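# Results of the structural survey
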Amino acid sequence: MEHKGPGDVPKYDVSQTSSLRIGILYTRWNTPIVQALLDGAISAMTSSGVPRSNIITQSVPGSYELPFAAQRMYTASQTTSTSTLVSAATDLLGNVASAANSTEDLSKTTGSSASGPFDAIITIGVLIKGSTMHFEYICDAVSHGLMKVQLDTGCPLIFGVLTCLTEEQAEKRAGMRGTEAGKSHGESGHNHGEDWGLAAVEMGIKRKGWGEEAARDLETCILKLAARLVDSVFVETGLSNGQYSQCSMAAAFLGSASRSIISKSKAGRSDELESVDSTLTTLIMENGAASAHDPSGFLSEISGAPVTVKLNSGVVFKGLLQSVDGYMNIALEQTREIVNGKTRREYGDAFIRGNNGVRIVMYISADA
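Residues numbered from 1 in each chain as written. Predicted model: local features only at pLDDT ≥ 70, side-chain atom pairs only at ≥ 80, totals over all residues. Heavy atoms only, no water.

### Examining the overall build of the protein chain
Stated formally: Only DSSP runs of H or I with at least four residues qualify as helices, and only runs of E with at least two residues qualify as strands; both kinds are numbered from the N terminus onward. Residue burial is assigned from relative accessible area. The probe radius is 1.4 Å, only protein chains are included, and a residue is buried under 20% of its type maximum, exposed over 50%, and partly exposed in between. Contacts are assigned to residue pairs with any non-hydrogen atoms lying within 4.5 Å of each other. Each accessible area value is a Shrake-Rupley result obtained with a 1.4 Å probe; residue values ignore everything except the protein chains displayed when judging cover.
Secondary structure assignment for the protein chain yields eleven helices and nine strands. Counting only residues that meet the buried cut, the protein chain has 41% of its 368 residues in that class. Here the analysis covers contacts within the protein chain between residues at least 6 apart in sequence; of these, 67% occur between residues at least 24 apart. Of the roughly 18,900 Å² of accessible surface on the protein chain, 54% is carried by carbon and sulfur atoms.

See the structure below:
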């Protein structure tokens, strides 16, 4: 009888698989069966072109510990290089050296040629029903826990936990033997660890592909924003060529920073984006000044001078600056309100309400 499995498995070029970084968590309960499944998963991945050094394995006591361990393993991989992980030489939930039958752990790996977050993690365990309800509770908790970790982290988790009624069923699914009834029909067991290894390769590559698409969209968005802001500042405030060059540098900075953001976006980092926003805002408010200084100092220097204020709606105000506060509420005298390049109204005094979530002051600059 043909074994059940994922059907036709996609074939990938070694250029796609050689950079994959896969984590494996396995339990120490039912060690002989788990070991066979572990060996099957590793064999399938290395046969697909994943370097053995890129496969990091750790053991945990039992299946109940798998969700927490998977969460911590992935989190650690976001900020820790493989060499640091290897030097830790301790298991997630116990000392490796004292773990019985712990056959492949971080302390025994030789390092990895890849670094960064795992592309996929395989969780391997074997649960066999006993005479109490323990089996049902553990199966339910582990299944839901692993699914939650997968959705929360965005890292594919391959469910390699056998939930069997008998030890014979588990051995068959680890490729250790066929059932007695099946043997008479020439039926042999199949190692499901091989299926899990192939699934990790497939999902790891797909995850990379999805991430690259999102990265391209993010970079395009940031670069368009940079070009729009720089052109807007240049055209509407009449910056000199030298000042425009400095704003162009802001655009180049955005392009560089966007790549940094993209490379760390999987880790949920937003500090680079905040840095981009802060730097560009400072450059614009300084109006291309040759030396950097506090924007509040710049505003005090031009108090009483003619300025241009532009809102996100496209409306432009020109007048003499009287005051501005931290919320970008701006008071002007002798004010003109300009829409589409034409004066719509003139005011003796004008108060421009600033950033309130709807109206946003895009910039304020000193007129030449």
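Anyway, onward from the coordinates.
### So, helix α5 (residues 134–153)
Inclusion rule: Given the number of residues in a helix, its expected span is that number minus one, multiplied by 1.5 Å. Directions drawn from the helix axis to the C-beta atoms are what define this arc.
The end-to-end C-alpha separation of α5 is 28 Å, in line with the 28 Å expected for 20 residues at 1.5 Å each. Considered for burial, the residues of α5 that qualify are Phe 135, Ile 138, Cys 139, Val 142, Gly 145, Leu 146, Val 149 and Thr 153. The buried side chains of α5 occupy one side of the element, clustering within an arc of 145 degrees when seen end-on. Exposed residues lying more than 90 degrees from the buried face of α5 are Tyr 137, His 144, Lys 148, Leu 151 and Asp 152.

### Some points on the nonpolar core
A general trend in soluble globular proteins is that nonpolar side chains are found buried together. What counts, and what does not: To define a nonpolar core, start from buried Ala, Val, Leu, Ile, Met, Phe, Trp, Tyr and Cys residues and group those joined through side-chain atoms within 4.5 Å.
With 27 residues, the main nonpolar core has Ile 24, Leu 37, Met 45, Ile 122 and Ile 124 as its most contacted residues. Of the residues forming this core, the biggest block, eight residues, is contributed by helix α2 (residues 31–47). With near-sequence residues (within four places) excluded, Leu 37 lies in contact with Ile 124, Val 126, Leu 162, Arg 173, Ala 174, Asn 191, His 192, Gly 193 and Trp 196. Residues Leu 25, Phe 135, Val 142 and Leu 146 belong to the second largest nonpolar core, which totals 20 residues.

### Details of unusual backbone geometry
Note: most peptide bonds trans; most residues except glycine with negative phi. For Asn 30, which is not glycine, the phi torsion reads 55 degrees and is therefore positive. Under the relative-accessibility criterion, Asn 30 is labelled partly exposed at 28%.

### Details of the confidence of the model for the protein chain
Filter applied, for reference: On a range of 0 to 100, pLDDT expresses the predictor's confidence in each residue.
Of the residues in the protein chain, 60% reach a pLDDT of 70 or more, and the chain-wide mean stands at 75. The low-confidence segment residues 81–111 (pLDDT under 50) makes 61 contacts with residues lying over four places distant or belonging to another chain. Here residues 234–246 scores under 50 on pLDDT; set against residues more than four positions off or in separate chains, the count is 25 contacts.

### Regarding the packing of aromatic side chains
Threshold: Each Phe, Tyr or Trp ring, with Trp reduced to its six-membered ring, pairs with another whose centre is within 6.5 Å; inter-plane angles below 30 degrees give stacked pairs, above 60 give edge-to-face pairs, and intermediate values give tilted ones. Charge-over-ring placement is defined geometrically: NZ (Lys) or CZ (Arg) within 6 Å of the ring centre, and within 35 degrees of the ring normal.
Under the criterion given, the structure shown has zero aromatic pairs. Sitting above the plane of the Phe 118 ring, Arg 21 keeps its charged end 4.5 Å from the centroid.

### A closer look at the state of the cysteines
Stated precisely, the cut-off is as follows: The definition used for a disulfide is geometric: two cysteine sulfur atoms within 2.5 Å.
Scanning the entire structure with this criterion turns up zero disulfides. Looking at the unpaired Cys 164, the closest cysteine sulfur is the one in Cys 139, lying at 9.1 Å.

### Considering the pairing of strand β4 (residues 157–164)
Where we set the bar: If DSSP finds at least two bridges between two strands, the strands pair. Here, the term right-handed applies to a crossover whose path from the first strand over the helix to the second runs clockwise when the strands point away from the viewer.
Of all eight residues in β4, six are buried, a share of seventy percent or more. Of the pairings in the sheet, the one linking strand β3 (residues 120–128) to β4 comprises eight bridges and is parallel in character. The partner of Leu 127 across the bridge, within β4, is Thr 163. What joins β3 to β4 is α5, and the crossover it makes is right-handed.

### Quick notes on the sheet that holds β4
Note the cut-off: Simply put, an axis is a line fit to the C-alpha atoms, just over the touching stretch for a helix, and the angle between two N-to-C directions goes from 0 to 180 degrees.
In space, the four strands of this open sheet follow the order β2-β1-β3-β4, with parallel pairing throughout. One side of each edge strand has no neighbouring strand; the edge strands of this open sheet are β2 (55–60) and β4. Going from strand to strand, the sheet's axes swing by 15 degrees on average, the running direction of each strand aside. Inspection of the sheet shows strand β1 (residues 22–27) paired to β2 by six bridges, in the parallel sense. Its bridge partner being in β2, Gly 23 is matched across the sheet by Ile 56. Strands β1, β2, β3 and β4 of the sheet are contacted by α2, whose axis makes an angle of about 155 degrees with β3.

### Comments concerning the pattern of salt bridges
Inclusion rule: Salt bridges are defined by distance alone: a side-chain nitrogen of Lys or Arg within 4 Å of a carboxyl oxygen of Asp or Glu.
Going through the model one piece at a time under the given rule, you end up with six salt bridges. When the shortest N-O distance is used, the salt bridge between Lys 206 and Glu 202 registers 2.8 Å. Of the two residues, Lys 206 and Glu 202 are both situated in helix α8 (residues 192–237); the distance of four residues between them amounts to about one turn of the helix. Among the residues examined, Lys 206 registers a relative accessible area of 32% and is labelled partly exposed. Each of Glu 337, Arg 344 and Arg 345 takes part in a single network of salt bridges with overlapping partners.

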